[in-house]
Amino acid sequence: MPKYARPANSDRAEDPIEAFGNRLRTGIIGYLREHPNSSRAEISAALGVPSPTVFNALEKMLDAGLLVADPPRDQWERGGRVRYSVDGQLVSLLYLQLGQALGEV
């Protein structure tokens, strides 16, 4: 089994990298910063990404605490519209943490 290289300060970068994940997630964050309280359909249309793909990314981002859903997940009803916003404080903290790990801050 291969061993993965782990630089000395890599543990500081793991949380932001895991949370931001990929271009789709960062695109969603950027879109929601400019268009808070958007629905999955609106995000999907704006980014040109299929709705199920956006849903999977939103779920992971909710799990990571990057997003706030209205209504909250435990109140979702089938067919109901959910609006998403960014938890700006957590996103900024993770962005700073990544910058520190990269030696940029």
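In this report, we go over the structure that sits alongside the text. Per chain, residues are indexed from 1 in the order of the written sequence. Where local features are concerned, this predicted model is filtered to residues with pLDDT of at least 70; where side-chain atom pairs are given and counted, the filter is 80 or more; whole-chain, interface and lining totals use all residues. Side-chain descriptors were evaluated using all non-hydrogen atoms of the structure, hydrogens and water having been removed beforehand.

1. Remarks on the overall build of the chain
Okay, so step 1: Broken down by element type, the chain carries 5 helices and 3 strands.
Okay, so step 2: Only runs of H or I of at least four residues qualify as helices and only runs of E of at least two qualify as strands under DSSP, and these elements are numbered from the N terminus. Helices and strands in the chain line up, N terminus first, as α-α-β-α-α-β-β-α.
Okay, so step 3: Buried positions account for 33% of the 105 residues belonging to the chain.
Okay, so step 4: Note on contacts: a residue pair is in contact if any heavy atoms of the two residues lie within 4.5 Å. Residue pairs in contact within the chain that sit at least 24 positions apart in sequence constitute 51% of those at least 6 positions apart. For each residue, the accessible area found with a 1.4 Å probe, counting protein chains only, is set against the maximum for its type, and the residue is called buried under 20%, exposed over 50%, and partly exposed in between.

2. Details of the pairing of strand β3 (residues 83-86)
Okay, so step 1: Where strand β1 (residues 38-39) lies against β3, 2 bridges are found, and the strand directions are antiparallel. What sits directly across from serine 38, in β3, is tyrosine 84.
Okay, so step 2: The pairing criterion for strands is at least two bridges between them, as found by DSSP. Where strand β2 (residues 67-70) meets β3, 4 bridges bridge the pair, whose relative direction is antiparallel. Each bridged residue has a counterpart across the sheet, and for alanine 69 the counterpart in β3 is tyrosine 84.

3. Describing the sheet that holds β2
Okay, so step 1: Read across the sheet, 3 strands follow the order β1-β3-β2 without closing on themselves; strand pairing throughout is antiparallel. Taken across any chain shown, the strands that pair with only one partner, and hence form the sheet edges, are β1 and β2.

4. Focus on helix α2 (residues 23-34)
At 3.6 residues per turn, the α-helix brings residues three or four places apart onto the same side.
Okay, so step 1: In this model, α2 (12 residues) spans 17 Å end to end at C-alpha, consistent with the 16 Å of a helix rising 1.5 Å per residue.
Okay, so step 2: The residue sitting at the N-terminus of α2 and contributing the capping side-chain oxygen is asparagine 22; that oxygen lies 3.0 Å from the backbone nitrogen of leucine 24. A helix is expected to reach a length of 1.5 Å times the quantity of its residues less one. Any pair of nitrogen or oxygen atoms within 3.5 Å is treated as a polar contact; in protein, a donor-acceptor pairing is required on top of that, and neighbouring residues in sequence qualify only through side-chain atoms on both sides.

5. Quick word on the packing of helix α3 (residues 40-47) against helix α4 (residues 51-64)
Okay, so step 1: Here an angle of 0 to 180 degrees is reported between the N-to-C directions of two axes, which are lines fitted to C-alpha atoms, with helices fitted over the stretch in contact. Across the interface, α3 lies against α4 with an axial gap of 9 Å and an inter-helix angle of 115°. The hand of the α3/α4 crossing is right-handed. Contact with α3, carried on its side by Arg40, Ile43 and Ser44, involves Ser51, Val54, Phe55 and Leu58 of α4 and no other residues of that element.
Okay, so step 2: Under the scheme applied, nonpolar residues are Ala, Val, Leu, Ile, Met, Phe, Trp, Tyr, Cys and Pro; charged residues are Asp, Glu, Lys and Arg; polar residues are all the others, including Gly. Of the residues belonging to the contact of α3 with α4, the class tally is 4 nonpolar, 2 polar and 1 charged. Each crossing is labelled by how the near helix is turned from the far one, with a counterclockwise turn of less than a right angle marking it left-handed and a clockwise turn marking it right-handed.

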